[in-house]
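Each chain, written out:
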Amino acid sequence: MTELRIRAYKPDDAAWVQAAHAQHYRAVDGFDDSFGTLVASILRAFNADHDPPRETGWIAVDDAGTPVACIFCVKLDDATAKLRMFLVKEAARGSGLGFRLLQTCMGFARDHGYAGMRLWTHESHRAACALYRRNGWQLVQSTPVRSFGQDLVEQEWEIRF
């Protein structure tokens with residue numbers, strides 16, 4: 001894998017985004033099928049009703065055009081964007097792609113009038129949480145839950161621009 005290119009999300013990418021999330025989180029975290037169902041419902045809503053001037057997504061692809069990562073920026077409220085469905089497949093990790101995608105998403109939010117961003121993740125996603133922290137995000141809430149067939153600690157992070 002020599003070049004990883006970031007391009008705009010297209011509705012045709014939805015099946016890959018949903019399957020990649022479901023497969024990854026089943027294998028790595030033991031999530032049940034309800035996680036893939038959640039991702040599918042988020043994508044259906046995004047495809048049906050997103051506001052292109054203020055909401056978008058990106059897909060990273062390898063030299064062959066195969067998707068290896070994704071990230072989305074959606075409106076939480078008029079002042080706050082929400083980072084959603086951020087995933088970098090194992091083969092692309094360590095390449096700096098996660099940083100590039102995060103910077104792309106944050107730059108879009110800033111450039112499109114948001115004063116900050118929020119995201120939801122799990123404590124077990126240590127590499128992602130470290131990436132957020134290095135880029136100025138702050139952990140604002142941490143809650144033990146039972147979700148996706150697992151005992152987890154949900155986290156909310158935010159950044160102000």
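Think of each chain on its own: its residues are numbered from 1, step by step along the sequence as written. Restriction of local features to residues with pLDDT of at least 70 applies here, the model being predicted, together with a cutoff of 80 or more for giving and counting side-chain atom pairs; totals for whole chains, interfaces and linings are based on all residues. Derived side-chain values reflect all non-hydrogen atoms in the structure, with water molecules and hydrogen atoms excluded from consideration.

Enquirer: Before we go on, may I ask you to explain the sheet that holds strand β2 (residues 56-61) in this structure?
Expert: Two orientations exist for strands paired in a sheet by backbone hydrogen bonds: parallel and antiparallel. DSSP calls a pair of strands paired once it identifies at least 2 bridges connecting them. In DSSP terms, a helix is any run of H or I states spanning at least four residues, a strand is any run of E spanning at least two, and both are numbered starting from the N terminus. One open sheet accounts for seven strands, arranged β1-β2-β3-β4-β5-β7-β6; its pairing is mixed. Of all the strands in the sheet, the pair left with one neighbour each is β1 (5-8) and β6 (138-147). Across the sheet, the axes of successive neighbouring strands diverge by a mean angle of 25°, strand direction being ignored. The criterion used for residue contact is that any of the two residues' heavy atoms lie within 4.5 Å. Angular values range over 0 to 180 degrees, each being the angle between N-to-C directions of two axes fitted as lines to C-alpha atoms, with helices fitted over their stretch in contact. In the packing of helix α2 (residues 33-49) onto the sheet, the strands contacted are β2, β3 (67-77) and β4 (80-88), and the crossing angle to β4 comes to about 130°. Contacting β1, β2, β3, β4, β5 (116-122) and β7 (150-160), helix α3 (residues 97-111) crosses the sheet at an angle of about 25° to β3.

Enquirer: Where do I start with the packing of aromatic side chains in this structure?
Expert: Two numbers describe a pair of aromatic rings. These are the distance of the centres and the angle of the planes. The aromatic pairing rule takes the rings of Phe, Tyr and Trp, using the six-membered ring of Trp, and pairs them if the centres are within 6.5 Å, calling planes under 30 degrees apart stacked, those over 60 edge-to-face and the rest tilted. All chains considered together, the criterion is met by 13 aromatic pairs. Measuring from centroid to centroid gives 5.2 Å for F46 and F72, while their planes differ by 85°, and the two rings are edge-to-face. With a gap of 26 residues between them, F46 in helix α2 and F72 in strand β3 connect regions that are remote in the sequence. For the pair F46 and F72, a shared accessibility class is recorded, and that class is buried. Whether a residue is buried, partly exposed or exposed follows from its accessible area with a 1.4 Å probe, protein chains only, as a fraction of its type maximum: under 20%, in between, or over 50%, in that order.

Remember that the coordinates give geometry; whether it matters functionally is a separate question.
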